[in-house]
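Each chain is listed here by its residues.
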Amino acid sequence: MTSTLHPNARRVAEKLVAAGVAGEVRELPNSARTAAEAAAQLGVEVGAIANSLVFDADGEPLLVLTSGAHRVDTARVAALLGVSGLRRAAPDFVRAATGQPIGGVAPVGHPAPVRTLVDVELARYGVVWAAAGTPHAVFPTSFDELARITGGTPADVG
């Protein structure tokens, strides 16, 4: 099945297999650029969608995997990380850091490791859905698995 996936999604699928993730990448018929779009197509609560938000943290990329029902408090996260500023990254910054477009950023499959925080709110859901490299591709996972495969730090980001 991975041979029919978009190259970004195929790269993510290969990383997931290598990491021992059981959930498979699935391509959706419609765009899932937002948590609401993904939740509607998957028939799950919006909170069970792991939004992949890339921030510019003093010039370095930061990936925050947050519940689709949760907003990131940038002041809280900046204080937690000890950075002077945290702002949503521009599309070209996101693409350079992850190799993936906004709306499809996966937790893995980036050209180089990206510092990652995993929202503790995601632990409320047995199954969490994350993007898989394109706005049409997702995969099922869990809070614990997201932290493991990304090397991310669990954090209260809201």
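Scroll up for the structure.
Residues numbered from 1 in each chain as written. Predicted model: local features only at pLDDT ≥ 70, side-chain atom pairs only at ≥ 80, totals over all residues. Heavy atoms only, no water.

If you tally the helices and strands in the protein chain, you get five helices and eight strands. Overall, the protein chain shows an N-to-C arrangement of helices and strands of α-β-α-β-β-α-β-α-β-β-β-α-β. The C-alpha atoms of the protein chain give a radius of gyration of 14 Å, which matches the 15 Å a tight globule of 158 residues would have. Seen along its three principal axes, the alpha-carbon backbone of the protein chain occupies a region of about 45 × 30 × 25 Å. For the protein chain, with 158 residues in total, the buried portion stands at 52%. When contacts within the protein chain are restricted to residue pairs at least 6 apart in sequence, those whose partners lie at least 24 apart make up 63%. For the protein chain, the exposed surface amounts to about 7400 Å²; the carbon and sulfur share of it is 52%. A gap of 4 Å separates the mean positions of the 13 positive and 15 negative side-chain charges of the protein chain. (Helix = DSSP H or I, 4+ residues; strand = E, 2+ residues; numbered from the N terminus. Rg over C-alpha atoms; globule rule 2.2 N^0.38 Å. Buried < 20%, exposed > 50% of the residue type's maximum accessible area, 1.4 Å probe, protein only. Contact = heavy atoms within 4.5 Å. Areas by Shrake-Rupley, 256 points an atom, 1.4 Å probe, with all protein chains shown as cover. Lys, Arg positive; Asp, Glu negative; His and termini not counted. Charge placed at Lys NZ, Arg CZ, Asp CG, Glu CD.)

Using the criterion set out here, one finds four salt bridges in the structure. With a closest N to O distance of 3.1 Å, R76 and D156 form a salt bridge. Pair noted here: R76 is in helix α3 (residues 74–81) and D156 is in the segment after β8 (153–155), with a separation of 80 residues, a long-range link. The residue E145 makes a salt bridge to R148 at a minimum N-O spacing of 3.8 Å. Within this pair, E145 and its partner R148 are both found in helix α5 (residues 143–150), separated by three residues, close to a single helical turn. (Salt bridge = Lys/Arg side-chain N within 4 Å of Asp/Glu carboxyl O.)

Let's shift gears to unusual backbone geometry. In this structure, D58 takes a positive phi of about 55 degrees despite not being glycine. Here D58 is to be found in the loop between β2 (49–57) and β3 (60–67). Note on D58: relative accessible area 44%, which makes it partly exposed.

With that settled, the discussion passes to the packing of aromatic side chains. Using the criterion set out here, one finds zero aromatic pairs in the structure. Here the basic side chain of R88 rests over the ring of F55, its NZ or CZ set 5.8 Å away from the ring centre. (Phe/Tyr/Trp six-rings, centres within 6.5 Å; stacked < 30°, edge-to-face > 60°. Lys NZ or Arg CZ within 6 Å of the ring centre and 35° of its normal.)

What follows covers the pairing of β2. With respect to burial, β2 is a largely interior element, nine of its nine residues being buried. Residue alternation in β2 divides its side chains into two sets, I49, N51, L53, F55 and A57 and A50, S52, V54 and D56, and both sets are buried. Where β2 and strand β6 (residues 128–131) come together, two bridges link them in parallel fashion. Within the sheet, the bridge partner assigned to I49 lies in β6 and is W129. (Pairing = 2+ DSSP bridges.)

Within the secondary structure, G104 sits in the loop between α4 (91–98) and β5 (115–119). Here G104 falls in the buried class, since its relative accessible area comes to 0%. Through-space distance from the C-alpha of G104 to that of P61 is 16 Å; in sequence the pair is 43 residues apart. Beyond its immediate stretch of four places on either side in the chain, G104 contacts A131, A132, G133, T134 and P135.

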